[in-house]
Amino acid sequence: MLEKQRLSTPREGFLNITHAVQDAVSRSGVLEGQAIVFVPHTTAGVTINENADPDVPRDLLLGLERAFPDRPEFRHAEGNSSAHLRASAMGSSVTVFIQGGALLLGTWQGVFFAEFDGPRSREFLVKIVQD
Amino acid sequence: MLEKQRLSTPREGFLNITHAVQDAVSRSGVLEGQAIVFVPHTTAGVTINENADPDVPRDLLLGLERAFPDRPEFRHAEGNSSAHLRASAMGSSVTVFIQGGALLLGTWQGVFFAEFDGPRSREFLVKIVQD
Amino acid sequence: MLEKQRLSTPREGFLNITHAVQDAVSRSGVLEGQAIVFVPHTTAGVTINENADPDVPRDLLLGLERAFPDRPEFRHAEGNSSAHLRASAMGSSVTVFIQGGALLLGTWQGVFFAEFDGPRSREFLVKIVQD
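Reading guide: rules and limits
Residues numbered from 1 in each chain as written. Chains lettered and ligands numbered in written order. Predicted model: local features only at pLDDT ≥ 70, side-chain atom pairs only at ≥ 80, totals over all residues. Heavy atoms only, no water. Axes fitted to C-alpha atoms, helices over the stretch in contact; angles between N-to-C directions. Helix = DSSP H or I, 4+ residues; strand = E, 2+ residues; numbered from the N terminus. Parallel < 35°, antiparallel > 145°, perpendicular 65-115°, else oblique. Contact = heavy atoms within 4.5 Å. Nonpolar A, V, L, I, M, F, W, Y, C, P; charged D, E, K, R; others polar. Buried < 20%, exposed > 50% of the residue type's maximum accessible area, 1.4 Å probe, protein only. Pairing = 2+ DSSP bridges. Least-squares fit on C-alpha atoms with pLDDT ≥ 70 in both. Core = buried A, V, L, I, M, F, W, Y, C linked by side-chain atoms within 4.5 Å. Salt bridge = Lys/Arg side-chain N within 4 Å of Asp/Glu carboxyl O. Buried area = accessible area lost by both parts, 1.4 Å probe.

1. Some remarks on the packing of helix α2 (residues 55-67) of chain A against helix α3 (residues 81-90) of chain B
Closest axis-to-axis distance for the α2 of chain A/α3 of chain B pair is 9 Å, and the angle between their directions is 70°. Considering their axes alone, α2 of chain A and α3 of chain B lie roughly perpendicular with respect to each other. Of α3 of chain B, the residues touching α2 of chain A (which contributes V56, D59, L60, G63 and L64 of chain A) are S81, H84 and L85 of chain B. Here the contact of α2 of chain A with α3 of chain B is composed, by residue class, of 4 nonpolar, 3 polar and 1 charged.

Put into structure tokens, the structure is as follows:
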């Protein structure tokens, strides 16, 4: 099963999409398998990190800005090369196992859509694979 | 087949789990497929890198500390935001193909559990998928 | 289906391998599934990013050099620890969904082999999995 989901993003931020992915798993009826989330954009990515304290995604954003700042040497005319860089650092997909119809995430883990060049209307794809 | 394996970690470090993953492949009896390793933590990750010279994982750790240092602006009360950042930079899963019952890794490659906020009792999941 | 493809790389750079991956999908005859690209090296990786403006991969390379520079404290005798670091930051594999026999990439996305320690004769593996 392959689903496309849409979301509206702020200028930048880690958006928690864990429930949306779990809903796709539930709709699929798959009990044992994998959920693969893919982001079809080049200035947004996807990662798994802490679901509990909202200061964590905020700090992640700050840390990525400092590690991959905008630079005067960048040539890409749109001026968003740092967003492209942050997107590749996070990655374009994550895989989560499914057990008993539920995402097999760690206690503190959630799935986050990482926006680095919004606000935009974005989408992500979820594929549910049965074992 | 889905297996959980435990390991005890130092304060930080790249721990070679290649043999543990290969053992899971062997136990599964799968000859052609994929091994997917997933880390269910938010301050540890998993990556594939050089298996030969122990200075490589040591340098990786140092390079990540410099790229993603602790920052006074971080707000997360636990004080380990840089560990969260390094975990997302490495990622939560890796996929390795299986051929003839063996992990199809490059000559110099190994699979490493990346601890950024130990020492802890940790775990990783290995799913063996048959083609 | 599992295929090995070879490429010759420059000293460093993001090489567009999208067509090569699509060709593997076409040869496989798979209409719905996943293409998984795996790089069996430790100073090269693979990522998905912008396919349109060649200044984007150029800027990615520059941004990674600045985030993960060579450091005097690195001990690895080959002197290429920064290349190992950049490889792990990009990752060793990407997954792309297949729909109707075509890679389901976003409008601007392409698949790039990321060379950080060339020039070399390199390879990448493509596995096509049917749903």
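The discussion continues.
2. With respect to unusual backbone geometry
Comment: phi is negative for the bulk of residues other than glycine, and the bulk of peptide bonds are trans. In this chain, G118 of chain A is followed by P119 of chain A through a cis amide linkage whose omega measures 0°. Mapped onto the elements, P119 of chain A comes out in the loop between β7 (109-115) and β8 (121-130).

3. Describing the pairing of strand β7 (residues 109-115) of chain B
Residues and elements named next belong to chain B. The buried count for β7 comes to 7 of 7 residues, which makes it a mostly enclosed element. Burial along β7 is two-sided: the residues Q109, V111, F113 and E115 and G110, F112 and A114 are all buried. With 4 bridges connecting them, strand β2 (residues 13-16) and β7 associate as antiparallel partners. Considered in β7, the bridge of N16 is made with F112. Two elements, strand β4 (residues 44-50) and β7, share 7 bridges in a ladder whose sense is antiparallel. Across the sheet, the residue bridging to I48 is V111, located in β7.

4. A few points about the relation of the copies chain B and chain C
Overlaying chain B with chain C gives an RMSD of 0.0 Å, the required rotation being 120° about an axis along which the chain moves by 0.0 Å. Taken together, the rotation and translation relating the two chain copies correspond to the operation of a three-fold axis.

5. Considering the nonpolar core
Judged by nonpolar contacts, the single largest core of 51 residues is most densely connected at F68 of chain A, F68 of chain B together with F68 of chain C. Once you skip the residues sitting within four places of it in the chain, F68 of chain C turns out to touch F68 of chain A, G63, L64, A67 and F68 of chain B together with S82, L85, R86 and A89 of chain C.

6. Some words on the pattern of salt bridges
Enumeration over the complete set of coordinates arrives at 27 salt bridges over all chains. One salt bridge connects E73 of chain B with R66 of chain A, and the closest N-O pair in it is separated by 2.9 Å. Taken together, the residues E73 of chain B in the loop between α2 (55-67) and α3 and R66 of chain A in helix α2 connect one chain to another. Across the pair R122 of chain B and E115 of chain B runs a salt bridge, and its minimum N-O distance is 2.7 Å.

7. Describing the interface of chain B and chain C
Tallying the contact residues gives 31 residues for chain B and 26 residues for chain C. In total, chain B and chain C occlude about 2,400 Å² of area from one another, counting both sides; carbon and sulfur atoms represent 57% of this. Where chain B touches chain C, the interface holds 2 salt bridges. Sorting elements by how many residues they give to the side of chain B that touches chain C places α2 of chain B first, with 10 residues. The residue inventory of the side of chain B that touches chain C, partitioned by class, reads 15 nonpolar, 9 polar and 7 charged.

8. A look at the sheet that holds strand β4 (residues 44-50) of chain A
Residue and element names in this part refer to chain A. Read from one edge of the open sheet, 3 strands run β2-β7-β4, paired in antiparallel fashion. Every other strand in the sheet has two partners, leaving β2 (13-16) and β4 as the edge strands with one partner each. The average angle at which neighbouring strand axes cross in this sheet is 35°, direction not considered. Here α2 sits on the sheet and contacts β2, β4 and β7; the angle it forms with β2, its principal contact strand, is near 145°.

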